[in-house]
Amino acid sequence: MNAEKHVIPILLIIVVLLALVCTYAWYSASNIASVTLQMYSGSVTAFALADGSGESGQSEYSGNDLYTGLDGSGESRGNYSGQKGYHSDGTIYEDADKPYFVFKTISYTMSGQSDVTVDVVLEKVIVKVGEMYLYSFNDTLKKVMGLTDEQIAALTNETRLNYYVEYSNAMESDVTAITAPTGANPNSIYMVYNSSTSKVIYIVFEKVIVDEFVTFDYWVSDGTSNEGLGIIPEDDPDDNPTSKKATGIRLQYLPDGQGNPSQGYDGIVCESGYTNYVGVYVGFFGYDGVKYTECLFSDNKFQGSEFHFMFSAGGV
């Protein structure tokens, strides 16, 4: 199905992961808080995965509750050390730089009066850079966005507006306050820039380009496997659970949620609401449709950065 044309937004997910300054490690644990989101077919709701929140009944999950990849023994690795994931030729690293990912099993109670197909899309990646990021405005244009010196020199006040938005205090507490550039042709990668301090604060990667920098997937999960973690992905994306990116998650309407879904369905929807589970995955490497690639964020200039992975989901 064509999610771009047919999806009605019903869910916004914000995944917030903190890379600690100097150690460049992810702070996370394998215990998962039990929180169920109420969802209604055709309506809009939102929740966040954020550090320091996520009590039962709230609309946010804690960074402590994110599961963060596996090592060779299948145990939780628990920290990110700037792994590249893949060589430039697309072959996998076998050492400490092997692929790294994060995932979350999310429970949602779906209410509706007919069959529903749920699709999930990675909308953008927002990186709040840390103290190690010393690039200027022009450095960022060249070394992150790929502009040449000649292209940068040719920018006017008007065309510069394609590559940045001005920083505001509202963005500190809510990254959704970050708007798109106001130029006539907004770039797919842009920065949030504080003119008063001459510092880059955020770098935003929009949906049209984000697959070049991280890999996203989702699948049908449950609330019982692996001590409540749900169905766990593997280090090698080819060994992940069955992807639902191409088909979406099909929920069958059953009155009052009674009975089992028919063959070809992945879960249940009913008027009173039925709890289903989805596993959401982000790998710290890109995929160009042919091969997996090195992770941009393995560069030490991103040490101490804060990453926000923003998803949308919809059902028809």
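The preceding data block contains the structure.
To start, this report covers the structure provided alongside it. (Residues numbered from 1 in each chain as written. Predicted model: local features only at pLDDT ≥ 70, side-chain atom pairs only at ≥ 80, totals over all residues. Heavy atoms only, no water.)

1. Quick word on the overall build of the protein
- The number of helices and strands found in the protein is six helices and 16 strands.
- Evaluated residue by residue, the protein yields a buried proportion of 50% over its 316 residues.
- Considering only contacts in the protein between residues 6 or more positions apart, those separated by 24 or more positions represent 71%.
- As presented, the protein carries roughly 14500 Å² of accessible surface, and 47% of it is formed by carbon and sulfur atoms. (Helix = DSSP H or I, 4+ residues; strand = E, 2+ residues; numbered from the N terminus. Buried < 20%, exposed > 50% of the residue type's maximum accessible area, 1.4 Å probe, protein only. Contact = heavy atoms within 4.5 Å. Areas by Shrake-Rupley, 256 points an atom, 1.4 Å probe, with all protein chains shown as cover.)

2. Some points on the side chain of Glu206
- Considering the arrangement of structural elements, one finds Glu206 in strand β9 (residues 199–206).
- Those residues in contact with Glu206, other than ones at most four positions away along the chain, are Glu123, Lys124, Ser188 and Tyr190.

3. Considering the pattern of salt bridges
- Applying the stated criterion to the full structure yields six salt bridges.
- For Lys124, the salt bridge goes to Glu206, with nearest N and O atoms at 3.5 Å. With Lys124 in strand β6 (residues 116–128) and Glu206 in strand β9, this pair connects stretches of sequence that are 82 residues apart.
- We classify Glu206 as buried; its relative accessible area is 19%.
- In this structure, the salt-bridge partner of Asp149 is Lys142, at a minimum N-O distance of 3.2 Å. (Salt bridge = Lys/Arg side-chain N within 4 Å of Asp/Glu carboxyl O.)

4. What about the packing of aromatic side chains?
- Under the defined criterion, the tally for this structure stands at 17 aromatic pairs.
- Seen from their ring centres, Tyr86 and Tyr292 are 5.0 Å apart, and the 25 degrees between their planes marks the pair as stacked. Of this pair, Tyr86 sits in the loop between β4 (60–62) and β5 (101–111) while Tyr292 sits in strand β15 (residues 292–293); the two residues are 206 residues apart in sequence, bridging distant segments of the chain.
- Under the relative-accessibility criterion, Tyr86 is labelled buried at 3%.
- When the centroid spacing of 5.0 Å and the interplanar angle of 80 degrees are considered together, the rings of Phe137 and Tyr193 count as edge-to-face. Here Phe137, found in helix α2 (residues 137–143), pairs with Tyr193, found in strand β8 (residues 189–194); they are 56 residues apart in sequence, far enough to count as distant. Here Phe137 matches Tyr193 in class, with each residue buried.
- In this structure an aromatic cluster arises from ring pairing among Tyr133, Tyr135, Phe205, Phe213, Phe297 and Phe302.
- The lysine or arginine in question, Arg160, covers the ring of Phe137, its NZ or CZ lying 4.3 Å from the ring centre.
- Arg250 extends its terminal NZ or CZ atom over the ring of Tyr265, reaching a point 4.3 Å from the ring centre. (Phe/Tyr/Trp six-rings, centres within 6.5 Å; stacked < 30°, edge-to-face > 60°. Lys NZ or Arg CZ within 6 Å of the ring centre and 35° of its normal.)

5. Points about the nonpolar core
- Membership of the largest hydrophobic core comes to 49 residues, with the highest contact counts inside it found for Ile203, Phe205, Phe297 and Phe309.
- Of all the elements, β6 adds the most residues to this core, at six residues.
- Dropping the residues within four chain positions of it, Ile203 is found in contact with Val125, Ile126, Val127, Val129, Tyr133, Thr140, Val144, Ile189, Tyr190, Met191 and Phe302.
- Ile126, Tyr167, Tyr190 and Met310 belong to the second largest nonpolar core, which has 12 residues in total. (Core = buried A, V, L, I, M, F, W, Y, C linked by side-chain atoms within 4.5 Å.)

6. Some points on the pairing of strand β13 (residues 274–283)
- Among the 10 residues of β13, seven are classified as buried, and the element is accordingly described as predominantly covered.
- As judged from the 10 bridges shared by β5 and β13, these two strands associate in the antiparallel manner. Looking at the pairing, Thr109 lines up with Thr275 of β13.
- In this structure, strand β10 (residues 215–220) lies alongside β13, joined through six bridges in antiparallel fashion. Bridge pairing links Phe216 to Val282 in β13. (Pairing = 2+ DSSP bridges.)

7. Considering the environment of Asp115
- Residue position: Asp115 is located in the loop between β5 and β6.
- By relative accessible area, Asp115 is classed as partly exposed at 35%.
- Sequence separation between Asp115 and Tyr265 is 150 residues; the distance between their C-alpha atoms is 9.5 Å.
- Not counting the four nearest positions on each side in its chain, Asp115 is found in contact with Leu251, Gln252, Tyr253, Tyr265, Val269 and Val316.
- At 2.8 Å, the side chain of Asp115 forms a polar contact with the backbone nitrogen of Tyr253.
- At 2.7 Å, the side chain of Asp115 forms a polar contact with the side chain of Tyr265. (Polar contact = N/O pair within 3.5 Å; in protein donor to acceptor, adjacent residues only side chain to side chain.)

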